[in-house]
Amino acid sequence: MSRAAAAAGAEYYESTCRDGDVHWDAWLARIEDIRGSIATHLGCHRDELSFIANASVGLNLIAHRLYREHGACRVSLVRGDFPSVTLPWQQLGFDVDFIEPDTAGHGGVEIDALASGLAAETRVLAIGWVHYSGGYRYRLDELAEVCRARDITLVVDVTQGCGAVRLDLSESSVDYAVSSGYKWLNAGYGVGYLYVNRKHARAASHPAVGWRSARDPYALVSDRLDITPAASALELGHPPFAGAFTLGAAIELARTIGMEHVERRVLDLGGYLLERLAEKGVRFQTPIDESRRAGIVMARPADPDSVEADLQRRGILASVRGGGLRISPHWYNTRSDIDRLVETF
């Protein structure tokens, strides 16, 4: 979590201890400023964004929304994707089929194989932008082109890439996207965002509503529906002030640095890590091609649990995932960090 994000959250809690909700109006204005800042960061419109607790909540809201619109239609998923991407559709009883990942072990599916794996009846493709363990990154424009040609709704969890590499929703034709703030955005747990493309802005499709879902929430009308079609309707009640403030500060930090610089740094460090692993004779399964990876590198040492324990003793944090060691260098890391890590193998 960045110091800027932590300070923003602490400031909110300190002010509530001191002043209660005296600053309510200022908080609401700040929420909308942050919504606009995130929209600029993502290349979308502010009315396409809702603050959510995490990506899992967002994916469930999307699944329920599409169930209201289409019923239990055919949904295609990638086997081995993060469970939050796959479980909501199964829980609701959608007609689910799984596309098998490539044999390379990076967790993804090359676009031609993905297109071939879609059934003629598929109405929704739900997918993780970057595979959470193998690190394979899809090109969103390629996914969108495939889906557009077949009238398929594209739902993407961007948590594993947003904040590490640039994400421009204005060019991708994604229908729905979600992200948690705790990963590459460095905003901590308990906050994220949900993106609903403007072409799906229909109040009647909202799967849940609350008092702040109304066009004029402070009129407190309770005997008739006048729901805003904007994605913010899905916040339902009081905004998650602390989480949104931390997320806003984290994204402002990334914008100050410049996402083009963040992306270049992350990809360079990942490429250097892959080179060092190859020098040590350690297998890895993350693509070398920069356009097919983000920040996650999956190494395959003989005993990943032992390596993880050795790293922790040295103050280096990595995670065992899927039988390998997931390593995630970010913009604040250095090549010397990579060298210290590789010495452990």
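Fair warning: this is a prediction, and the values are worked out from it, not measured in the lab.

Where do I start with the overall build of the protein in this structure?
The secondary structure content of the protein amounts to 10 helices and 11 strands. Taking 20 Å as the expected radius of gyration for a compact globule of 345 residues, we find that the protein reaches 21 Å, a close match to that expectation. In terms of principal-axis extent, the alpha carbons of the protein reach across some 70 × 55 × 30 Å. Counting only residues that meet the buried cut, the protein has 53% of its 345 residues in that class. Taking contacts inside the protein between residues at least 6 apart in sequence as the whole, the part at least 24 apart equals 66%. As displayed, the protein offers around 15300 Å² of accessible surface, 49% of which is attributable to carbon and sulfur atoms. The average position of the 37 basic charges and that of the 45 acidic charges among the side chains of the protein differ by 2 Å.

I'm lost on the side chain of R326 in this one. Help?
Within the element layout of this structure, R326 appears in strand β11 (residues 324–327). The buried charged residue R326 lacks any salt bridge partner; its closest oppositely charged side chain belongs to E308, at an N-O distance of 8.9 Å. Among the polar contacts listed, one links the side chain of R326 to the backbone oxygen of Y132, at a separation of 2.7 Å. If near-sequence neighbours (up to four positions away) are discounted, R326 is found in contact with Y132, S133, Q160, K183, I296, V297, M298, A318, S319 and R321.

In this structure, what is going on with the sheet that holds strand β10 (residues 319–321)? I would like to understand it.
Hydrogen bonds along the backbone pair up the strands of a sheet, which may run parallel or antiparallel. Read from one edge of the open sheet, 4 strands run β8-β9-β11-β10, paired in antiparallel fashion. The strands lining the two open edges of the sheet, one partner per strand, are β8 (283–284) and β10. Of the strand pairs in this sheet, strand β9 (residues 297–300) and β11 are connected by 3 bridges, and their pairing is antiparallel. Across the sheet, M298 pairs through a bridge with R326, a residue of β11.

Explain unusual backbone geometry here, please?
Negative phi values dominate among residues other than glycine, just as trans dominates among peptide bonds. The phi angle at D151 is positive, at roughly 55°, despite the residue not being glycine. Following the sequence through the fold, D151 ends up in the loop between α6 (140–149) and β5 (153–157). In this model, N186 sits at a positive phi of 60°, which is unusual for a non-glycine residue. As for its placement among the helices and strands, N186 is situated in the loop between β6 (176–180) and β7 (192–196). The class for N186 is buried, based on a relative accessible area of 12%.

Would you explain the nonpolar core in this entry?
In summary, soluble globular proteins display a tendency toward joint burial of nonpolar side chains. Formed by 63 residues in total, the largest nonpolar core has its most connected members in I38, L42, L114, L143, L154, L167 and Y193. It is helix α7 (residues 241–257) that contributes the most residues to this core, 9 residues altogether. Core analysis: the next-biggest nonpolar cluster, separate from the first, contains 22 residues, W89, V155, Y176 and L194 among them.

Explanation requested: helix α3 (residues 55–70) in the structure shown.
For an α-helix, 3.6 residues make a turn, and residues three or four places apart therefore share a direction. A rise of 1.5 Å per residue sets the reference length of α3, with its 16 residues, at 22 Å; its end C-alpha atoms lie 22 Å apart and thus fit the reference within 8%. Taken residue by residue, α3 has A55, G58, L59, L61, I62, A63, R65 and L66 as its buried positions. Where α3 is buried, its residues contact β1 (49–52), α4 (83–92), β4 (122–128), β5, β6 and β7. Just past α3, the residue G71 takes up positive phi, approximately 75°.

Thresholds applied
Residues numbered from 1 in each chain as written. Predicted model: local features only at pLDDT ≥ 70, side-chain atom pairs only at ≥ 80, totals over all residues. Heavy atoms only, no water. Helix = DSSP H or I, 4+ residues; strand = E, 2+ residues; numbered from the N terminus. Rg over C-alpha atoms; globule rule 2.2 N^0.38 Å. Buried < 20%, exposed > 50% of the residue type's maximum accessible area, 1.4 Å probe, protein only. Contact = heavy atoms within 4.5 Å. Areas by Shrake-Rupley, 256 points an atom, 1.4 Å probe, with all protein chains shown as cover. Lys, Arg positive; Asp, Glu negative; His and termini not counted. Charge placed at Lys NZ, Arg CZ, Asp CG, Glu CD. Salt bridge = Lys/Arg side-chain N within 4 Å of Asp/Glu carboxyl O. Polar contact = N/O pair within 3.5 Å; in protein donor to acceptor, adjacent residues only side chain to side chain. Pairing = 2+ DSSP bridges. Core = buried A, V, L, I, M, F, W, Y, C linked by side-chain atoms within 4.5 Å. Expected span 1.5 Å × (residues − 1).

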